[in-house]
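Here is how the chains run, residue by residue.
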Amino acid sequence: MSTITIAIAGLGSRGKDAYAQAISQMPERARVVAIADPDEAKTREVAKLFHLPESACYASAEALLEQPRLADALVLCTQDRQHVPQAIPALRKGYDLLMEKPISPDLAACREILAAAQETGRKVVVCHVLRYAPFYRKIKEILDSGALGQLMSIQAIENVGYWHQAHSFVRGNWRRSDTTSPMFLQKCCHDMDLMVWLTGKKCLRLSSFGSLSHFTPENAPVGAAKRCMDGCKAKERCPYDAEKIYITNPKTGVAQGNTGWPNDVLALHPSVETIREAIESGPYGRCVYHCDNDVVDHQVVNLEMENGLTVNFTMSAFTAGGGRYTNFMGTLGNMIADMAANTVTVTPFGGVPEVFDFNLSNERMSGHAGGDSVLVGDFLDYLEGKTPPSITTLEASMESHFIALAAEESRLQGGAVISLSDFRRI
């Protein structure tokens, strides 16, 4: 088949640093022919990567979509509430879509794009990238093999990490649910998609509790300034200090050689100088106790799935590191999936544990445990008429959104039990 042509709208961390890079590694399969973003510096950078003329660069997705159809497919990586208003014109223009999650924080908008995709007959894949990671494909294989017997309970935690919470959900783009999405939808629709896909079961009902409890003005330490670099007297003992996170931290600091995420969100070419300038004047240098954030910093969701399977899921900012940790409990054994350690351990009852160590794997291990590059490859396969085993179609992704939006509804109602059958009909 001839090379698939691609347009990319939104050149943030996902559009520029994940999908554009993945596509650039597959020149025999796909070619980027147009890009769009309001940030001219990012546009120039990506144009250089793909040798694009200025005429192929647009200041917005809307400007790109005003043109005759420019490519076979559009990779849509704009902000959460822009997805559907941009996706529907793209579908009607004839584009197939690879769309960053979440689809939308508005249930009616999710239904609207589903109807538009069915009406136009276009293909839409949602970027639930964890399905594509070798780590989770192995878990799916083990569960489907019956090695654990009947799956009875799942206990899982999304360790957001203290600095990731500060970066994305207090200072950053996803700090307010009214301009982006509720945090559980934005961060954990991945996980809800995994629960449905891995188990092959839908959620019947759920309840949820959570709140914004810590990152508020009332919890600011004595002597805290409005900005970390403005003579803050609490700076030395504050783990959320921007200088620590972005410059000196051994794992995340640019002075320690980390020029990727999250520093590439603050500066196109991160260095100590450019990052220091960003935190001295930009949003990522604000005190975490004096931002305009309103999303939760911890939340728990209890799900009753089909056939009596129960799931307890926790999302918490208050962890030293990130990664997902899940215990799958069956009638014949249990399985621990530790994404931080990159291991899956299967223990049959009365038997010897078997460890699958993905640190030793030769699989592609790009972003999201290798999921980013596999997702792009599977999307191209899908456009070529193949059906990859875990493809996250728009229809499949709707179930994770029903769960995440129902969880937010339950939380706002003080933990009320929400029936998903009722919620699906809203």
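The rules behind the values
- Residues numbered from 1 in each chain as written.
- Predicted model: local features only at pLDDT ≥ 70, side-chain atom pairs only at ≥ 80, totals over all residues.
- Heavy atoms only, no water.
- Axes fitted to C-alpha atoms, helices over the stretch in contact; angles between N-to-C directions.
- Helix = DSSP H or I, 4+ residues; strand = E, 2+ residues; numbered from the N terminus.
- Parallel < 35°, antiparallel > 145°, perpendicular 65-115°, else oblique.
- Contact = heavy atoms within 4.5 Å.
- Nonpolar A, V, L, I, M, F, W, Y, C, P; charged D, E, K, R; others polar.
- Buried < 20%, exposed > 50% of the residue type's maximum accessible area, 1.4 Å probe, protein only.
- Pairing = 2+ DSSP bridges.
- Left-handed = near helix turned anticlockwise from the far one by under 90°.
- Salt bridge = Lys/Arg side-chain N within 4 Å of Asp/Glu carboxyl O.
- 1 Å grid on protein atoms, 1.4 Å probe; cavity = no way out; pocket = protein on both sides within 12 Å on 5 of 7 lines; lining within 4 Å.
- Points joined across faces, edges and corners; volume = space filled by probe spheres on them.

Caption draft 1: Structural context of the packing of helix α4 (residues 83-93) against helix α5 (residues 107-120). Two numbers describe how α4 lies on α5: the axes approach to 9 Å, and their chain directions differ by 10°. Judged by the angle between their axes, α4 and α5 are roughly parallel. Where α4 approaches α5, its residues V84, A87, I88, L91 and R92 are matched on the opposing element by A109, E112, I113, A116, A117, E119 and T120. Of the residues that constitute the contact of α4 with α5, the class distribution is eight nonpolar, one polar and three charged.

Caption draft 2: Looking closely at unusual backbone geometry. Omega for the bond connecting K101 with P102 falls within 30 degrees of zero, at -5°, which places this linkage in the cis form. The topology assignment puts P102 in the loop between β5 (96-99) and α5. In this structure, P262 follows W261 across a cis peptide bond, with omega equal to 5°. Within the secondary structure, P262 sits in the loop between α9 (242-248) and α10 (263-266). Positive phi, close to 55°, is recorded for H51, a residue that is not glycine. Relative to the assigned elements, H51 resides in the loop between α2 (40-50) and β3 (57-58). Exposure remark for H51: the relative accessible area of 72% places this residue in the exposed category. Of note, N342 is a non-glycine position whose phi angle comes to about 65°, a positive value. Position of N342 among the secondary structure elements: in the loop between β12 (333-338) and β13 (343-348). The exposure class of N342 is buried, given its relative accessible area of 11%.

Caption draft 3: Looking closely at the sheet that holds β5. Taking strand neighbours across the sheet as the criterion, the six strands line up as β3-β2-β1-β4-β5-β6 in an open arrangement whose pairing is parallel. Either end of the sheet is taken by a strand with one partner, and the two such strands are β3 and β6 (124-126). Bridge count between β5 and β6: three bridges; the pairing is parallel. Bridged to L97 within β6 is V124. Across the face of the sheet, α2 comes into contact with β2 (30-36) and β3 while running at roughly 160° to β2. Sheet strands touched by α4: β4 (73-76), β5 and β6. Its angle to β5, the strand with the most contacts, is close to 160°.

Caption draft 4: How the structure looks around the packing of helix α8 (residues 183-199) against helix α13 (residues 394-412). Running from amino to carboxyl end, α8 crosses α13 at an angle of 125°, the nearest separation of the two axes being 8 Å. Comparing their axes, α13 and α8 come out oblique. Both α8 and α13 take part in a crossing whose hand is right-handed. Contact residues: α8 offers F184, L185, C189, M192, D193 and V196, while α13 offers A396, E399, S400, H401, I403, A404, L405 and A407. When its residues are assigned to classes, the contact of α8 with α13 shows ten nonpolar, two polar and two charged.

Caption draft 5: The arrangement of the pattern of salt bridges in detail. Per the stated rule, a full pass over the model turns up 29 salt bridges. For R29, the salt bridge goes to D381, with nearest N and O atoms at 2.7 Å. Placement of R29 in the loop between α1 (13-24) and β2 and of D381 in helix α12 (residues 371-383) is noted, with a sequence separation of 352 residues between them. Assessed through its relative accessible area of 17%, D381 is described here as buried. With its nearest N and O atoms 4.0 Å apart, the salt bridge here joins R69 to D72. The exposure class of R69 is partly exposed, given its relative accessible area of 44%. Each of K235, D241, E243, K244 and R276 takes part in a single network of salt bridges with overlapping partners.

Caption draft 6: How the structure looks around empty space enclosed by the protein. Scanning the model with the defined rule gives two cavities of 30 Å³ or more in all. If you go around the largest cavity, you meet 13 residues; those closest to its centre are C228, C232, C238, D241 and C287. Looking at the lining of the largest cavity residue by residue, the class counts come to ten nonpolar, no polar and three charged. Considering only enclosed or pocket space, the second largest cavity measures out at about 70 Å³ in volume. If you go around the second largest cavity, the residues you meet are Y136, A156, I157, D191, L194, M195, L198, F313, R324, T326 and F328. Those elements giving two or more residues to the lining of the second largest cavity turn out to be β7 (151-159), α8 and β11 (323-330). The element contributing the most residues to the lining of the second largest cavity is α8, with four residues. Classifying every residue of the lining of the second largest cavity gives eight nonpolar, one polar and two charged.

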